[in-house]
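Next come the chains, spelled out residue by residue.
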Amino acid sequence: MIRFILARLVKAVVILLAILVLNFTLIHMAPGDPAAVMAGEAGATDEQFLEDLRRRFGLDQPFLVQLWIYVKGAIQLDLGYSYRRGMPVAELLWDRLPATLLLTGTAFFISIILGVIAGVAAAARQGRWGDTIISTLALLFYATPLFWIALMSVLLFSVVLGWLPGFGYETVGANYTGIERVIDIGRHLILPATTLGLFFTAVYMRMTRASMLEVSRLDFVKTARAKGLKPRVIQRRHILRNALLPVITLAGLQAGQIVGGAVLTETVFAWPGIGRLMFEAINQRDYNVLLGVFFVSAAMVLLFNLITDIIYVLVDPRIRITQ
Amino acid sequence: MSLLQIKDLAIALPKGADRPHAVEQIDFDLAPGEILCIVGESGSGKSMSANAVMGLLPEGVRPVKGEIVFDGTDILGQTEDQMRAVRGRDIGMIFQEPLSALNPLMRVGAQIAEVFEAHGLLSPGERQKRALELLREVQLPDPEKAIRAYPFQLSGGQRQRVMIAMALALEPRILIADEPTTALDVTTQAQILKLIEDLRQKRGMAVIFITHDFGVVADIADRVIVMEKGLIVEQGSVDDVLLRSKHPYTQKLVRAIPGIVAGEKHDFSEAPVILKVDGLTKVFTTGGGFFSKPRVVRALDDVSFDLYTGETIGIVGESGSGKSTCGRALVRLLEPDSGTVEMAGVDMAKLRGADLRANRRKIQMIFQDPFSSLNPRARVGRILSEGQIAYGTPRREALARARELLSLVGLDASAVDRFPHEFSGGQRQRIGIARALALDPDIIIADEAVSALDVSIQAQVLDLLADLKERLNLSMLFITHDLRVAAQVCDRIMVMQHGKVVEIGPADRVLMAPEHPYTRSLLDAVPGKEYEEALKKVVGQ
């Protein structure tokens, strides 16, 4: 097992390097010159000033040299410097990461727990009104665009009802500390996390329901009934455990988006996370920041793929590690 | 005094089924310690009646008439809670496919212990101890290790032993066995039958044994019930039913079973060799790579034989013997590692690209499962013509040929416009044969081509194959695990074990005077041999 993990980590590093090179190359092919954008914002159009800017940021160097410098830095976790924000990219990402992880992590757990519970409940009531209600709701959340739900929930819960704050990470200027701060952040978290989680809740619900119904028709469920087991035990021990396997695959996919998947939600709710950082970096042609975001997202995808595979091995004895 | 009485039972099928009742007018008794066999072909309702006893009918199917009296009470009148107390404790059940009947994610020991838990018996520690004793009783090798194993780590026979251990945990008075040996190899089947027989004697347990195999019936039954289309057509002692059957349906079934020696044999060794296989080897390597040692299976180990024009060679062996791999390697569905397959002077094993395509049509395959081997979304016309079209025949001609082929295999030409699901298993297998013939091959490889069919259908398909072989001058490789079928259709028989050919020779010689101990053990395991002798005597008189 440890060998397997090590081997996978080695592979992950290689893939990450390849991604790094690819991203850097792609960004370079994109139109738009950061120096020109900066000069434009500063109100200067002087050719000499542009040249100076390019030289200062190393943009006048040949492409391969720039790539080499970037990769060399990245290996030492130096992702460059954001001149727009006046701080190293790694530090910037590190500042923003907790907010994003809090948001996406909460959304992840909300969706998986609610989704599985709803799916089990719907499967147990197959074809009856309980199933119809759950399935219809799921379909609704599945089909409604995320930004619309986000905007409507802000409108309802914060503007009309005034129950919850509609944007931000915490109340600015309140200077809460300790438990008060936790509660404050928690209140800010509810709307964005629920909004972000709804879509996946619906996906998990549909998946769990279908999977439960499929497994309940398998032979070993009949064996369990022939033993005289109670329906509740059969459902939990025999059906649910087997039905969760495809849900885990899906959860792995969702977990991979834990860093990069919240751009929309973070933008709508003014959540100071990586997603919003990326959105702003695109607008400002802040390529170093953008590359940094890509890098962290890619690393997370690889990490969660590995975790999913490990969980798979733990829950399904039939899956043996083959390297 | 009988243990179980079924009186005038009728079970209704959901609306829209091909008949209103799954079974009707079912009347039988089961005495303590008796083995009662229920035989019939697929769709005869034999499993339905047994499932009704357990109260485990599929959704939408329910008993509408009659009673099932167990221990003085009518089971049909019991509530679900009351039935739950009966299941597992008074009546145990085992199923056909032991792999799918066990929960893949639970250890074997836990699954057995669960039976005690379901009925609130014993402490967790005692349950494990009992589970171990049970595994020992069903003669599982190394029970201490097996109790911690997952089902996928056991062989088919071992899994069925686990199922039996589970069914016997609470010493039920009745064991219902639904085709428990159908998915097993002959030698394993013989062991499981013996185990059931031993346990029956030791515990005085009654057994309802559902099967389609008359050989198995002959070996273990005390009494037999024959079912056809939901009705009991005949019941009585095993000798009465098998040797002195009165009902024409029973007689038909009994006659349809191929004998272990039958059929005309020819010696083709004077004819030209059409397929020369030399040193064919295929090694499967699973796992391995970075750190671990790979697992190596020699699926084909230096297999050599000649097939003469017009001859049928039977390749027999148990699962894992390499017989199917052999067939697949010959048509290049699998790449052999080494060896040559010479057909009309061309080495099939080394052909590439266009040459391979041009030669492939001369050797065609018929598969085991008539359900999964036909594309469910394609009409029969397309199934039969697409091969020809791929070789350049114009569509119109190919379709005309498809109609001819259908009448050749005994189906109506109008079948071209229908989908595979509109046909029965036997009819589908005819379509599979027609597909193989569409490209005018010289050699047919039939991989377990009749194994999934009921005996009476099996006999028809075998007759068809024999007839076609004669008319079209085909040579055939007939891959089967069933020695009776091999005896009937093959001129020579090749026995395989662990990827090696252990014996090859004329069918009569191999079956009557086997040289290799493995061949002998295969023959010994075939059920119903004594009965076959007896039947011969009766028919002879």
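Structure's up top.
Read on for a plain summary of the structure. Computed from a predicted structure; not experimentally measured.

**A word on the packing of aromatic side chains**
Part 1 of the argument: Scanning all chains against the criterion turns up nine aromatic pairs over all chains.
Part 2 of the argument: With a centroid separation of 6.4 Å and 25° between ring planes, the pair formed by Tyr150 of chain B and Phe152 of chain B is classed as stacked.
Part 3 of the argument: By relative accessible area, Tyr150 of chain B is classed as buried at 15%.
Part 4 of the argument: For Phe152 of chain B, a relative accessible area of 28% corresponds to the partly exposed category.
Part 5 of the argument: A connected cluster of aromatic rings, assembled from ring pairs, spans Tyr142, Phe199, Phe200 and Tyr204 of chain A.

**Here's the deal with the packing of helix 8 (residues 178-216) of chain A against helix 10 (residues 231-256) of chain A**
Residue and element names in this part refer to chain A.
Part 1 of the argument: Between helix 8 and helix 10, the least distance of the axes is 9 Å, while the angle of their chain directions is 140°. Relative to helix 10, helix 8 is oriented so that their crossing is right-handed. Here helix 8 contributes Phe200, Val203, Tyr204, Met207, Thr208, Ser211, Met212, Val215 and Ser216 to the contact with helix 10, which in turn contributes Gln235, His238, Ile239, Leu240, Asn242, Ala243, Pro246, Val247, Leu250, Ala251 and Gln254.
Part 2 of the argument: Residues of the contact of helix 8 with helix 10, tallied by class, amount to 13 nonpolar, seven polar and no charged.

**Points about the interface of chain A and chain B**
Part 1 of the argument: Residue-level contacts link 25 residues of chain A with 35 residues of chain B.
Part 2 of the argument: Buried surface at the junction of chain A and chain B, summed over both partners, amounts to about 2700 Å²; 58% is from carbon and sulfur atoms.
Part 3 of the argument: Here chain A and chain B share three salt bridges between them.
Part 4 of the argument: A salt bridge links Arg237 of chain A to Glu114 of chain B; the nearest nitrogen and oxygen atoms lie 2.7 Å apart.
Part 5 of the argument: Secondary structure elements with two or more residues in the side of chain A that touches chain B: helix 1 (2-29), helix 9 (219-226) and helix 10 of chain A.
Part 6 of the argument: Looking at the side of chain A that touches chain B residue by residue, the classes come out as eight nonpolar, six polar and eleven charged.

**Describing the sheet that holds strand 16 (residues 363-366) of chain B**
Residue and element names in this part refer to chain B.
Part 1 of the argument: On the basis of which strands lie adjacent, the open sheet formed by six strands has the order 16-17-18-13-19-20 and mixed pairing. Only two strands of the sheet have a single partner each, and these edge strands are strand 16 and strand 20 (500-506). Strand-to-strand twist across the sheet, computed as the mean angle between neighbouring axes with direction ignored, equals 20°.
Part 2 of the argument: As defined by bridge partners, strand 19 (residues 492-497) adjoins strand 20 across six bridges and the pair is classed as antiparallel. By the bridge assignment for strand 20, Arg492 is matched with Pro506.
Part 3 of the argument: Each of strand 16 and strand 17 (443-447) touches helix 15 (residues 425-437); the most contacted strand, strand 16, lies at about 170° to it.
Part 4 of the argument: Contacting strand 13 (312-316), strand 16 and strand 18 (475-480), helix 16 (residues 455-472) crosses the sheet at an angle of about 160° to strand 18.

Here is what the cut-offs are and how they apply
Residues numbered from 1 in each chain as written. Chains lettered and ligands numbered in written order. Predicted model: local features only at pLDDT ≥ 70, side-chain atom pairs only at ≥ 80, totals over all residues. Heavy atoms only, no water. Phe/Tyr/Trp six-rings, centres within 6.5 Å; stacked < 30°, edge-to-face > 60°. Buried < 20%, exposed > 50% of the residue type's maximum accessible area, 1.4 Å probe, protein only. Axes fitted to C-alpha atoms, helices over the stretch in contact; angles between N-to-C directions. Helix = DSSP H or I, 4+ residues; strand = E, 2+ residues; numbered from the N terminus. Left-handed = near helix turned anticlockwise from the far one by under 90°. Contact = heavy atoms within 4.5 Å. Nonpolar A, V, L, I, M, F, W, Y, C, P; charged D, E, K, R; others polar. Buried area = accessible area lost by both parts, 1.4 Å probe. Salt bridge = Lys/Arg side-chain N within 4 Å of Asp/Glu carboxyl O. Pairing = 2+ DSSP bridges.

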